[in-house]
Amino acid sequence: MSIEYNPKYMKHFYDPVWENFESGFWQGIKQRKLKFQKCSACGTFSHPPRVRCAKCKGDAWEWVESSGKGRIYSWTVVRQEVHPAFRVPFEVVLVEMVNEPGVRLVSNLVDCEASEISFGMPVELCFREVTKEWALPMFRKAGG
Amino acid sequence: MSLKNKACVVGIGSTEFTRNAGRSEIHLAVDAVTAACVDAGLEIDQIDGMSSYGTAGIYAAELAPDIDVARSLGIPNLRYFGQTPWGGGASCGTVAQAAMAVASGVANYVVCYRSLKPASGTVRYGRPTAIPAEYRYSYYMPFGFASPTMWVAMQAQRWMHETGATREQLGYVALVCRENALRNPRAMFYGRSLTMEEYLHSPMSSEPFTLHDTCLENDGAVALIVTTPERARDLKQKPAFISGVGFGTSYDSHSMTSFYRDSIGLPECTEAAREVFRSAEMTPKDIDVAQLYDAFTVTVPMQLETYGFCKYGEGGAFCQGGDRIRLGGELPINTSGGMLAEAYIHGMNMIAEGVRQVRGTSTSQVKDAQNVLVTGGLGVPTTALILTQGN
Ligand SMILES: [Zn+2]
């Protein structure tokens, strides 16, 4: 199973909008790179991004490209249609990144049956084109 | 200085709960406020404050704004008006704000209300059309992660994994709420029973939830009137004293998507619990009956843990079989049927039920109920109240 879009309804696609301090994340996505905000002072990652580091209050940060390796922290299989743009069933996953401590990311799982998913399952990043403008960071079973 | 017993709820009013109210949110609010004034024995013109809330975004199209409600009621002036943000999390907060307003003399009679018509109106809860273009949704909507049911499902799956709670245990929450609704003629599910067999074999909406795990969708409004104990003496009803209030956001708080904390639990509830028990000078052992915000079945066992009725990991077992949470059990919950079975008025109907328990007029009355805990929505910044008989 992968998330599938109904082209007829893609005009309703939710175009991401963002605040200034989040731009590195979304500009990264546009270049098909998954980048996370890292505090320049203490190295703490923040996702979703913040104006200041919650740990040291530092206000300088850099955008660090992720290795894309993660593990399934939680998920849901959506079986009842909520919006016609998204064909059910599909899986939404909460991925805990392996190399960026404390970072979790909501995404979709592709090429994986619902019955295969388990807590802690290793996954890896892939990009899927959704609209002309947007390819989104998604995940597949690692090594699969 | 303390807010304990400095204010009380003296009037409750409600419209019918229905699939199609045939009138607007403003109209429903006007009807509920009028009913609350009649219940309290107050003239409408004595209302001089309003405390309200809407959905958990900056854009709340379905809000019945205070000035529109006041205008239709002919109220000459509002000396206090305020809104509490974050959707259902605000429910008890509106009463807390009203208590602060009357206790400090900013206003004399503050009405708290919620009016909504998701069943027949244009804004349906849990539908993407209700989601505004705010930066916070960009992390979710493009992935089809587009409804409160999905967002809470993500929390629920992890919590069930960590604690070993089962679907059957969630089912008992749905069954107990339904039992209570069968005694409550106002309830949407009055006369409609539910069995465990039906619950377990209902189709999944967003795993681990079925239709029976999610709250009702209906039209209606509920209003409450808050004043001081001195003013309450001249009114018709036995007052429900506001003994404790609690607000909480905890750290790294998001609206419905607090997925990024060390543990995915509900620390905002833990904070609100600490505050509500501290201000009431009580512990969970003092609570006779609880109205626990039940937009989803799973939030009941999660709150049993965070409000301290049991330890983390024991909430599911607390609900097993339903005996501990049904009428006659150690902590009867959601005695009107809650939002799973009475009506979804964003928690306001659960506060009204808390007042009925203090008055002794519930259709599922807990004998000699002294202290009632009422909680607000979960997964958002949240609020709580303890209502009592007073001294
Ligand atoms: Zn830092």
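Here the structure is a predicted model, which is why all the values come from computation and not from measurement. (Residues numbered from 1 in each chain as written. Chains lettered and ligands numbered in written order. Predicted model: local features only at pLDDT ≥ 70, side-chain atom pairs only at ≥ 80, totals over all residues. Heavy atoms only, no water.)

Caption draft 1: Geometry of the sheet that holds strand S2 (residues 35-39) of chain A. Residues and elements named next belong to chain A. One open sheet holds the three strands; their spatial order is S3-S2-S4, and the pairing between them is antiparallel. This sheet does not close on itself; its edge strands, each paired only once, are strand S3 (45-46) and strand S4 (61-65). The pairing of S2 with S3 spans two bridges and is classified as antiparallel. Residue Gln37 lies in a different strand from S3, and its bridge partner there is Ser46. Of the strands in this sheet, S2 and S4 are in contact with helix H1 (residues 23-30), which crosses S2 at around 150 degrees. (Pairing = 2+ DSSP bridges. Helix = DSSP H or I, 4+ residues; strand = E, 2+ residues; numbered from the N terminus. Contact = heavy atoms within 4.5 Å. Axes fitted to C-alpha atoms, helices over the stretch in contact; angles between N-to-C directions.)

Caption draft 2: Quick peek at the coordination of the zinc ion. All names here are of chain A. Surrounding the zinc ion are the protein donor atoms Cys39 (SG), Cys42 (SG), Cys53 (SG) and Cys56 (SG), at 2.3 to 2.4 Å. In this structure, the zinc ion is surrounded by four donor atoms whose angles at the metal cover 100 to 113 degrees, and the resulting shape is tetrahedral. Positions of the donor residues of the zinc ion along the chain correspond to the pattern C-x2-C-x10-C-x2-C. The class for Cys53 is buried, based on a relative accessible area of 7%. (Donors = N, O, S within 2.8 Å, 3.2 Å for Na, K, Ca; no water. Tetrahedral: all angles 85-135°; square planar, octahedral: opposite > 155°, others 65-115°. Buried < 20%, exposed > 50% of the residue type's maximum accessible area, 1.4 Å probe, protein only.)

Caption draft 3: Inspection of the interface of chain A and chain B at higher detail. With 39 residues of chain A at the contact, the number on the chain B side is 37 residues. At the boundary of chain A with chain B, total buried surface from both sides reaches about 3,300 Å², with 63% on carbon and sulfur atoms. Contact with chain B buries area across many residues of chain A, yet A:Tyr14, A:Val82 and A:Val106 alone supply 21% of it, more than any other trio. Counting every contact that joins chain A to chain B gives two salt bridges. The closest approach of N and O atoms between B:Asp252 and A:Arg50, which form a salt bridge, is 3.6 Å. The tally of links between chain A and chain B comes to 16 residue pairs in polar contact (both at pLDDT 80 or more). Those elements that provide at least two residues to the side of chain A that touches chain B are H1, strand S5 (69-78), strand S7 (90-97), strand S8 (104-108) and strand S10 (135-141) of chain A. When residues in the side of chain A that touches chain B are grouped by element, the largest group, six residues, is from S5(A). For the side of chain A that touches chain B, a count of residues per class yields 25 nonpolar, eight polar and six charged. (Buried area = accessible area lost by both parts, 1.4 Å probe. Salt bridge = Lys/Arg side-chain N within 4 Å of Asp/Glu carboxyl O. Polar contact = N/O pair within 3.5 Å; in protein donor to acceptor, adjacent residues only side chain to side chain. Nonpolar A, V, L, I, M, F, W, Y, C, P; charged D, E, K, R; others polar.)

Caption draft 4: Spotlight on helix H8 (residues 267-280) of chain B. Residues and elements named next belong to chain B. With 14 residues, H8 extends 20 Å from end C-alpha to end C-alpha; this agrees with the ideal 20 Å at 1.5 Å per step. Along H8, the residues that are buried comprise Pro267, Glu268, Cys269, Ala272, Ala273, Val276, Phe277, Ser279 and Ala280. The inward-facing, buried residues of H8 contact strand S8 (240-248), helix H9 (299-306), strand S10 (371-375) and strand S11 (382-388). Looking one or two residues beyond H8, the residue adopting positive phi is Glu281, at roughly 55 degrees. (Expected span 1.5 Å × (residues − 1).)

Caption draft 5: Here's a closer look at the nonpolar core. Core analysis: the largest hydrophobic core is formed by 154 residues, its most contacted members being B:Val9, B:Ile242, B:Phe259, B:Leu304, B:Tyr307 and B:Leu387. B:Val9 has contacts with B:Val95, B:Leu224, B:Ile225, B:Val226, B:Pro239, B:Ala240, B:Ile242, B:Val355 and B:Leu387, leaving out every residue within four places of it along the chain. (Core = buried A, V, L, I, M, F, W, Y, C linked by side-chain atoms within 4.5 Å.)

Caption draft 6: Spatial organisation of the pairing of S8(B). Residues and elements named next belong to chain B. Most of S8 sits inside the fold, with eight of its nine residues counted as buried. In the sheet, strand S1 (residues 8-14) pairs with S8 via two bridges, with the strands oriented antiparallel. Looking at the pairing, Val9 lines up with Ala240 of S8. Pairing geometry for S8 and S11, over seven bridges, is antiparallel. When the bridges of S11 are listed, Ile242 appears paired with Leu387.

Caption draft 7: Just the side chain of B:Asn5, in detail. The residue B:Asn5 is located in the segment before S1 in this model. With residues up to four places along the chain from it excluded, the contact list for B:Asn5 reads B:Pro229, B:Phe241, B:Ile242, B:Ser243, B:Thr388 and B:Asn391.

Caption draft 8: Focus on the sheet that holds S1(B). All names here are of chain B. Sheet architecture is open: nine strands sit in the order S3-S2-S4-S7-S1-S8-S11-S10-S9, paired in mixed fashion. The sheet is open, and its two edges are formed by strand S3 (80-83) and strand S9 (289-291), each paired on a single side. The sheet shows a mean angle of 25 degrees between the axes of neighbouring strands, direction not considered. Relative to S11, S10 runs antiparallel, the two being bridged by five bridges. Bridging across to S11, Val374 finds its partner in Leu385. Of the strands in this sheet, strand S2 (49-52), S3 and strand S4 (110-116) touch helix H2 (residues 66-73), which is tilted by about 135 degrees from S2. Against the sheet, H8 engages S8, S10 and S11, with an angle of about 145 degrees to S8.

Caption draft 9: How the structure looks around the pattern of salt bridges. All names here are of chain B. A complete count under the given rule lists 23 salt bridges over all chains for this structure. Salt-bridge contacts for Arg158 lead to Glu162; the nearest nitrogen and oxygen are separated by 2.9 Å. Of this pair, Arg158 and Glu162 both sit in helix H4 (residues 148-163), separated by four residues, roughly a single helical turn. Ionic pairing is found between Arg326 and Asp323, a salt bridge with its closest N-O pair at 2.4 Å. Of the residues examined, Asp323 reaches a relative accessible area of 52% and is grouped as exposed. If you follow the salt bridges from partner to partner, you end up with Glu16, Arg23 and Asp31 in one network.

Caption draft 10: Summary view of the environment of B:Ala232. Residues and elements named next belong to chain B. By the element assignment, Ala232 lies in helix H7 (residues 229-232). On the basis of relative accessible area, Ala232 is assigned to the buried category, the value being 4%. Contacts of Ala232, omitting those with residues within four sequence positions, involve Cys8, Val10, Thr227 and Pro239.

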